[in-house]
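Close look at the chain arrangement
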Amino acid sequence: MKLDVIKLDGGTAGSVELGDEIFGLEPRADILHRVVRWQRNKAQAGTHKVKTRSEVSYSTKKIYRQKGTGGARHGSRKAPIFRKGGIYKGPTPRSHAHDLPKKVRKLGLMHALSAKLKDGSLVIIENIESDGKTSSLAKQVKNLGWKRALIIDGAEVNENFIRAAANIDGLDVLPSMGANVYDILKRDTLVLTKAGVEALEARLK
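These lines cover the structure that appears in this document, whether it is placed above or below. Owing to the predicted nature of the structure, the values given are computational and were not obtained by experimental measurement. (Residues numbered from 1 in each chain as written. Predicted model: local features only at pLDDT ≥ 70, side-chain atom pairs only at ≥ 80, totals over all residues. Heavy atoms only, no water.)

A closer look at helix α3 (residues 102-118)
Quick note on the threshold: Helix and strand definitions follow DSSP, with helices as H or I runs of at least four residues and strands as E runs of at least two, each counted in order from the N terminus. Expected helix span is taken as 1.5 Å per residue step, with the number of steps being one fewer than the number of residues. Here the term buried applies to any residue with accessible area under 20% of the maximum for its type, exposed to any over 50%, and partly exposed to those in between, with areas from a 1.4 Å probe on protein chains only.
Here α3 spans 24 Å end to end across 17 residues, near enough to the 24 Å set by a 1.5 Å rise per residue. Of all the positions in α3, only Val104, Gly108, Leu109, Met110, His111, Ala112, Leu113, Ser114, Ala115, Lys116 and Leu117 are classed as buried. Once α3 finishes, Gly120 follows within two positions and takes phi at roughly 75°, a positive value.

Written out as structure tokens, the structure is:
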């Protein structure tokens, strides 16, 4: 499949051939869901913690005598039954990550790229060279009509472009190895450089 290539200033720069085995798939929501869920669970901190009866601060003295009070038998005020006592079976620090086969992860990225091409939100640009000025890049982005965009370059990303894009709201820049399903789907527009296309095709073949 052929797609037109543009420049940052809006001019045309020929066309590029996109492989149907990567960009021409019928997007499957179930695969995309599995990969996004795997990514988000892996990123979750899992630092939730409550204090059990052995960790709360309280006296260890028996709260009242065993017999003769007419009340239930109790020893420690730390018991979960009491206010400010320990929490029973509460959350503890743990990893929320789970396994996902490499083939499914790879397929998810291919389906995400195909989904962007299918709904017309995939743009190919020649390169992302910049003078490092945020103002000039912001004007170019505005003229191109990108509001929430992810730009994926080749193995190396232009340092000046990263510096210029850092302060533009809604614009993210990643090298080809950083391309992932969640970030692609999160943005309205996916922008690939020619080098990015080549790198992704090499990675996914």
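Don't stop here, the text continues.
A word on helix α2 (residues 29-43)
Helical periodicity: at 3.6 residues per turn, an α-helix aligns residues three or four positions apart in one direction. This is how the line gets drawn: Working rule for contacts: check all heavy atoms of both residues, and any pair within 4.5 Å makes them a contact.
For α2, spanning 15 residues, the distance from its first C-alpha to its last is 21 Å, which sits close to the expected 21 Å at 1.5 Å a residue. Contacts made by the buried residues of α2 are with α3 and α6 (181-186).

Here's the deal with the environment of Glu17
This is how the line gets drawn: In the analysis that follows, any N or O atom pair within 3.5 Å is treated as a polar contact, provided that within protein one partner can donate a hydrogen and the other can accept it, and provided that, for residues neighboring in sequence, both atoms belong to side chains.
Assignment of secondary structure puts Glu17 in strand β2 (residues 12-17). Taking the C-alpha atoms as reference points, Glu17 and Val197, 180 residues apart in sequence, are found 9.5 Å from one another. Not counting residues up to four positions away in its chain, the partners in contact with Glu17 are Met1, Lys2 and Glu201. Here Met1 takes part through its backbone nitrogen, which lies 2.8 Å from a polar atom of the side chain of Glu17.

A few points about the packing of α2 against α3
Inclusion rule: The angle between two axes is taken between their N-to-C directions and runs from 0 to 180 degrees, where each axis is a line fitted to C-alpha atoms and a helix contributes only its stretch in contact. Each crossing is labelled by how the near helix is turned from the far one, with a counterclockwise turn of less than a right angle marking it left-handed and a clockwise turn marking it right-handed. Gly is placed with the polar residues, together with every amino acid not listed as nonpolar (Ala, Val, Leu, Ile, Met, Phe, Trp, Tyr, Cys and Pro) or charged (Asp, Glu, Lys and Arg).
Orientation of α2 relative to α3, taken along the N-to-C sense of each, is 115°, at an axis distance of 9 Å. Crossing handedness for the pair α2 and α3: left-handed. Here Ile31, Leu32, Arg34, Val35 and Trp38 of α2 come into contact with α3, specifically with Val104, Arg105, Leu107, Gly108, His111 and Ala112. Of the residues that constitute the contact of α2 with α3, the class distribution is seven nonpolar, two polar and two charged.

Notes on the pattern of salt bridges
Selection criterion: The term salt bridge refers to a side-chain nitrogen of Lys or Arg lying within 4 Å of a carboxyl oxygen of Asp or Glu.
Taken as a whole and judged by the stated rule, the model has six salt bridges. The partner of Lys118 in a salt bridge is Glu26, and the shortest N-O contact between them spans 2.5 Å. Remark: Glu26 occurs in the loop between α1 (20-23) and α2 and Lys118 occurs in helix α3; sequence separation between them is 92 residues. For Lys118, a relative accessible area of 56% puts it in the exposed group. Residue Glu26 is classed as exposed on the basis of its relative accessible area of 54%. Across the salt bridge formed by Arg28 and Asp30, the nearest N and O atoms sit 2.6 Å from each other. Given the relative accessible area of 42%, Arg28 is considered partly exposed. The exposure class assigned to Asp30 is partly exposed, which follows from its relative accessible area of 40%.

Function cannot be inferred from these measures alone, as they are strictly geometric.
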